[in-house]
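The residues making up each chain are set out below.
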Amino acid sequence: MAAPSVATAIAQATGAKQDRAGRIEVGPDLSVPAHPEIMVTGDVMSLNKLPGVAEVAMQTGLYAGRRIRHELRGEVYKKPFRYYDLGSAAYLSRGRAVVSVGKLQFAGFPGWVVWLFIHIGFLTGYRNRFGAVLSWWFAFTRDLRRERTYTTRQVGIVGDVYEEPPTQASAAAGSEQAP
């Protein structure tokens, strides 16, 4: 995944280096080298090979906000950014997910319940949380498929990915029988 074109524009304007993905290499305080007034956060920045995931973006945004607040008060903020790995969570399908937090690991329906609570916890405000729980509950109990997951069988490209591909002889025989 490549960084947005704004990263290239900022790098060219400031002389900052970019990594292979096009992200701007920043210092420990998230600033562009030789430009302490410019901070880069989220998946546009490159620091210590951190992945371009939401948790990195949220933590770098909080750090940048804290640093700006201190600087507006006339204080010097010397504390470098430190990423705290809170674990990984992935939604797999309806009622199934995998979650890994430290030594704890959940899969299947228990993983989905943990995944649900993690995502509800990061929403802001009771209205957003209640709305999300209500819409998810309705979708789950009614078996609504708002997500778009397709199998190769549904698309019709391949009947079954585990079945043997047809040989040339059987493909030719099948084409002779077609009207």
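For the structure, check the block above.
## Things to note about the overall build of the protein chain
A count of helical and extended segments in the protein chain gives six helices and seven strands. Within the protein chain, the fraction of its 179 residues that count as buried is 23%. Residue pairs at least 24 apart in sequence account for 27% of intrachain contacts in the protein chain once pairs closer than 6 positions are excluded.

## Here's the deal with a nonpolar patch on the surface
On the surface, Met 58, Tyr 84, Leu 86 and Phe 122 cluster together to form a nonpolar patch covering roughly 410 Å² of accessible area. Secondary-structure assignment places Leu 86 in the loop between helix 2 (54-72) and strand 5 (88-93). You can call Leu 86 partly exposed: its relative accessible area is 45%.

## Digging into the nonpolar core
Formed by 16 residues in total, the largest nonpolar core has its most connected members in Ile 24, Val 26, Leu 30, Val 40, Met 45, Leu 47 and Phe 81. Apart from the residues lying within four places of it in its own chain, the contact partners of Val 40 are Ile 24, Val 26, Leu 30, Val 32 and Met 45.

## Focus: the pattern of salt bridges
Here the structure, examined in full by the defined rule, presents four salt bridges. The residue Arg 73 makes a salt bridge to Glu 75 at a minimum N-O spacing of 3.7 Å. The exposure class assigned to Glu 75 is partly exposed, which follows from its relative accessible area of 34%. Where salt bridges share partners, they join Asp 29, Arg 67 and Glu 71 into one cluster.

## Observations regarding the sheet that holds strand 7 (residues 104-107)
Spatially, the three strands line up as an open sheet ordered 5-6-7, and their pairing is antiparallel. Of all the strands in the sheet, the pair left with one neighbour each is strand 5 and strand 7. With direction set aside, neighbouring strand axes in the sheet form an average angle of 5°. On top of the sheet, helix 3 (residues 108-122) reaches strand 5, strand 6 (96-101) and strand 7; it is set at about 70° to strand 6, its chief contact.

## Points about the side chain of Arg 67
Relative to the assigned elements, Arg 67 resides in helix 2. Residues in contact with Arg 67, not counting those within four places in the same chain, are Asp 29, Ser 31, Pro 36, Met 39 and Tyr 77.

## Quick look at unusual backbone geometry
The backbone of Leu 30 sits at a positive phi, close to 70°, despite the residue not being glycine. In the Ramachandran plot, Lys 49 falls in the positive-phi region, its phi being about 60° despite a non-glycine side chain. Here Lys 49 shows up in the loop between strand 4 (45-46) and helix 2. Judged by relative accessible area, which is 81%, Lys 49 ranks as exposed.

## As for helix 1 (residues 5-14)
Among the residues of helix 1, those classed as buried are Ala 7, Ala 11 and Thr 14. Buried residues of helix 1, viewed axially, fall in a sector of 80°; they line one side. Turned more than 90 degrees from where helix 1 packs its buried face, Ser 5, Gln 12 and Ala 13 sit exposed. Contact partners of the buried residues in helix 1: strand 1 (24-25), strand 2 (31-32) and strand 3 (35-39). Note on helix 1: the residue one or two positions beyond its end, Gly 15, has a positive phi of about 80°.

## Digging into the pairing of strand 3
Inspection of the sheet shows strand 2 paired to strand 3 by two bridges, in the antiparallel sense. Along strand 3, the bridge assignment pairs Ser 31 with Met 39. Adjacent in sequence and paired antiparallel, strand 2 and strand 3 are bridged by two residues, among which Ala 34 carries a positive phi angle near 70°.

Cut-offs and rules
- Residues numbered from 1 in each chain as written.
- Predicted model: local features only at pLDDT ≥ 70, side-chain atom pairs only at ≥ 80, totals over all residues.
- Heavy atoms only, no water.
- Helix = DSSP H or I, 4+ residues; strand = E, 2+ residues; numbered from the N terminus.
- Buried < 20%, exposed > 50% of the residue type's maximum accessible area, 1.4 Å probe, protein only.
- Contact = heavy atoms within 4.5 Å.
- Patch = residues over 30% accessible without salt bridge, like charges linked within 9 Å, V, L, I, M, F, W, Y side chains within 5 Å.
- Areas by Shrake-Rupley, 256 points an atom, 1.4 Å probe, with all protein chains shown as cover.
- Salt bridge = Lys/Arg side-chain N within 4 Å of Asp/Glu carboxyl O.
- Core = buried A, V, L, I, M, F, W, Y, C linked by side-chain atoms within 4.5 Å.
- Pairing = 2+ DSSP bridges.
- Axes fitted to C-alpha atoms, helices over the stretch in contact; angles between N-to-C directions.
- Arc of directions from axis to C-beta.

Honestly, that's just the spatial picture; any functional story needs more than this.
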